[in-house]
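Residue-level structural notes
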Amino acid sequence: MHNTRYARYGMVCSVDHLASAAGVNALERGGSAADAAIATNAVLAVTAPHLCGMGGDLFALVHADGEVTALDASGRAGSGADAAQLRSEGHERMPHLKDIRSVTVPGCVDGWLALHDRYGRLPLEQLLAPAIRLAESGFPASPLMAPGAPLMAEQPGGTDYAPVRAAGDLMTRPGVARALLSIVEDGRDGFYLGEFGGGLLELGAGEYTSEDLAKATGEWVRPLSVEAFGHRIWSMPPVSQGYLLLLSLGIVDGLDLPDSPEHPAFAHLLAEASRAAGHDRLALLYENATGLVGPEEIARRRALVDPAARSRLAAPTADGDTTYLCAVDGEGMGVSLIQSNASGFGSLLIEPNTGINLHNRGIGFSLEPGHPAEYAPGRRPPHTLAPALITRPDGSLRSVVGTMGGDAQPQILLQVITSLLKYGRQPGQALAAPRWRLGSTTGFDTWTDPDAIVLQLEEGAPWTGGLESLGHPVAAVPYGSSFGHAHLIDVQDNGVLAGAADPRSLIGAALGI
């Protein structure tokens, strides 16, 4: 089942209908797409702590006045970061849960403020009002968040979650409301140097200093792009893995794709392009890495793809929980924004004053001595977050699109964008179609054992027999969130906005005016 929504004067897509409604409300008040994105994300920070929040990070792409800009609001490690100490404790990788060292200084609020300062029209008081109201007065727990609430209620500082046992149970977040009000009243300092910042310093016990929290992390950077299917596709530069999407699209654009995406060659060629793009990501992705995307590099990697057989290249296969949202206003501004805690509720650590759960994006750091992404003070870890934006040859906005999905984000977007641009599917069709993803059912490290990789096929996928004949081990996986929550707004030739929220998100909504 697929459902494309149409609108003329603005549209917002997100994982939560309450959040999309807040974004549309901003558009109706005369706000920009950036205003709508902030309002939407603020509500998600209240209602979707299993995906995102003010204790997480943010990336965004913006199309405005014929220009594409990129915002990196990912956090940096605190001054107490010490890889040698972790190694001395026996860690070979960054700790995953319940360890403050996986928590870089959260960048979400810095991202909101940078986005608002450059592209906002409405006051923050109006944009954050819906989120504050829900946090103070209560909201019904979603069917996606409710199953994890009992676990969070057991964590120190997790009292907000105690009333939730099932979808629809009411939940309030008074500390989150205070944190949002602190931004309205005192700007950045109200959050980072106020109640939240004080609790983070306390919880960190030397991991951060007040000087770490005083440094704004939101930074406007130069986006990366590639030409494919007669369009230019944009994504984030490192520390984002957005370059993998661009490499994959560049590779696929030069391959002989079948006439239908239901042909097994569609899944085979796109999966092999993803392997060719991503097999060496661990070595190449780090802050300020350069030279990752270009015609020669795309051609070199395309040569690794065999149309008739599966390769033995490694691939990233880790899961991840994130939320993506997008907005387009009546004047043609488009925002493609992704915001994340990394692993569901994040590190399972909760800032004690406000009850904001903290991400664990620091798991992207390396503990290999001398690695460019080694855990160290002031560094940003590599990120899976990879929003996308598409422009036409004349520079006008075509689409804003993105997805949750951890390592599979570039793989999911490769399928959605190819379906949209190559096969002419409407947004709802492109999002609802069954997907594949590179995964592992063995538990082995797929970076060192590529034969442990299986091609996971979503329920209803038409490619099974053909892929096995090409040498792919395949595994059937139920239709659902493990294949991402992708959202898409497409600006059609007549100016009408065609959008869709991923049906896998259950309560997602594409709303327009």
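Refer to the structure above for everything that follows.
Heads up: these notes are all about the structure in this document. (Residues numbered from 1 in each chain as written. Predicted model: local features only at pLDDT ≥ 70, side-chain atom pairs only at ≥ 80, totals over all residues. Heavy atoms only, no water.)

**Structural notes on the nonpolar core**
Among the nonpolar cores identified, the biggest contains 77 residues, and M54, W112, L180, I183 and F191 are the most heavily contacted of them. Of all the elements, helix α2 (residues 33-47) adds the most residues to this core, at 11 residues. Residue contacts for L180: discarding those within four places in its chain leaves V46, M54, W112, L128, A131 and I132. Listed in part, the 54 residues of the second largest apolar core include L244, A273, I453 and L488. (Core = buried A, V, L, I, M, F, W, Y, C linked by side-chain atoms within 4.5 Å. Buried < 20%, exposed > 50% of the residue type's maximum accessible area, 1.4 Å probe, protein only. Helix = DSSP H or I, 4+ residues; strand = E, 2+ residues; numbered from the N terminus. Contact = heavy atoms within 4.5 Å.)

**Here we look at unusual backbone geometry**
A positive phi angle, near 55°, is found at D65, a position not held by glycine. Within the secondary structure, D65 sits in the loop between β3 (57-64) and β4 (67-73). Phi is positive for K98, which is not a glycine, with a value near 60°. Structurally, K98 can be placed in the loop between α3 (83-88) and α4 (108-119).

**Regarding the pattern of salt bridges**
Under the counting rule described, the total for this entry stands at 23 salt bridges. We note a salt bridge from D110 to R188, for which the minimum N-O separation is 2.6 Å. With D110 in helix α4 and R188 in helix α7 (residues 174-192), this pair connects stretches of sequence that are 78 residues apart. You can call R188 buried: its relative accessible area is 13%. Among the salt bridges present, the one from E195 reaches R178, with a minimum N-O distance of 2.9 Å. Taken together, the positions of E195 in helix α8 (residues 195-204) and R178 in helix α7 put the pair 17 residues apart, joining distant regions of the chain. Judged by its relative accessible area of 34%, E195 is partly exposed. Here the salt bridges share partners, and the residues they tie into one network are D72, R76, E219, E287 and R380. (Salt bridge = Lys/Arg side-chain N within 4 Å of Asp/Glu carboxyl O.)

**Comments concerning the sheet that holds strand β18 (residues 474-477)**
As summarised here, the arrangement of the 3 strands in space is β16-β17-β18, forming an open sheet in which the pairing is mixed. The sheet is open, and its two edges are formed by β16 (436-440) and β18, each paired on a single side. Across the sheet, the axes of successive neighbouring strands diverge by a mean angle of 40°, strand direction being ignored. Where β16 and strand β17 (residues 453-458) come together, 5 bridges link them in antiparallel fashion. Of the residues in β17, the one forming a bridge with W436 is L457. Along the sheet face, helix α11 (residues 264-278) touches β16 and β17 and points at about 55° away from the line of β16. (Pairing = 2+ DSSP bridges. Axes fitted to C-alpha atoms, helices over the stretch in contact; angles between N-to-C directions.)

**Things to note about the packing of aromatic side chains**
Inspection of the entire model under this criterion finds 7 aromatic pairs. Between Y161 and F345 the ring centres are 5.8 Å apart and the planes differ by 85°, which places this aromatic pair in the edge-to-face class. Taken together, the positions of Y161 in the loop between α6 (149-153) and β6 (170-171) and F345 in the loop between β11 (334-342) and β12 (349-350) put the pair 184 residues apart, joining distant regions of the chain. F345 gets classed as buried once you look at its relative accessible area, which sits at 9%. A centroid spacing of 5.9 Å and a plane angle of 75° characterise the contact between F266 and Y423, whose relative ring orientation is edge-to-face. One end of the pair, F266, is in helix α11; the other, Y423, is in the loop between α14 (409-421) and α15 (427-432), with 157 residues separating them in the sequence. Residue Y423 is classed as buried on the basis of its relative accessible area, which comes to 18%. Within the aromatic cluster, the residues linked to one another by ring pairs are F191, Y192 and F196. The ring of W220 is capped by R118, whose NZ or CZ atom sits 4.6 Å from the centre of that ring. (Phe/Tyr/Trp six-rings, centres within 6.5 Å; stacked < 30°, edge-to-face > 60°. Lys NZ or Arg CZ within 6 Å of the ring centre and 35° of its normal.)

**Re the pairing of β4**
Here β4 lies mainly inside the structure; 6 of its 7 residues are buried. Across 7 bridges, β3 lies against β4 in antiparallel orientation. Opposite V62, over in β4, you have T69 as the bridge partner. Where β3 folds back on β4, the antiparallel hairpin that results is connected by 2 residues, among which D65 adopts a positive phi of roughly 55°. The pairing of β4 with strand β7 (residues 219-221) spans 3 bridges and is antiparallel. Bridge pairing in β7 links A70 to V221.

**Brief notes about the side chain of R275**
Structurally, the position occupied by R275 is in helix α11. Look past the residues within four positions of R275 in its chain and what remains in contact with it is R310, S311, L313, A314, L438, P450, I453 and H472.

**Quick look at the side chain of T384**
Positionally, T384 belongs in the loop between β13 (357-358) and β14 (388-391). Leaving out residues up to four positions away in the same chain, T384 has contacts with Q241, R281, R361, G406, D407 and Q409.

**Overview of the sheet that holds strand β1 (residues 5-7)**
With antiparallel pairing, 7 strands are arranged side by side in an open sheet as β1-β20-β19-β15-β14-β9-β8. A single partner strand is all that each edge strand has here, and the edge strands are β1 and β8 (224-228). Neighbour to neighbour, the strand axes of the sheet diverge by 20° on average, direction disregarded. The sheet contact formed by strand β19 (residues 486-491) and strand β20 (residues 497-501) spans 5 bridges and is antiparallel. Of the residues in β20, the one forming a bridge with V491 is L497. Across the sheet, α14 is in contact with β8, β9 (231-235), β14, β15 (397-403) and β19; its angle to β15 comes to roughly 150°.

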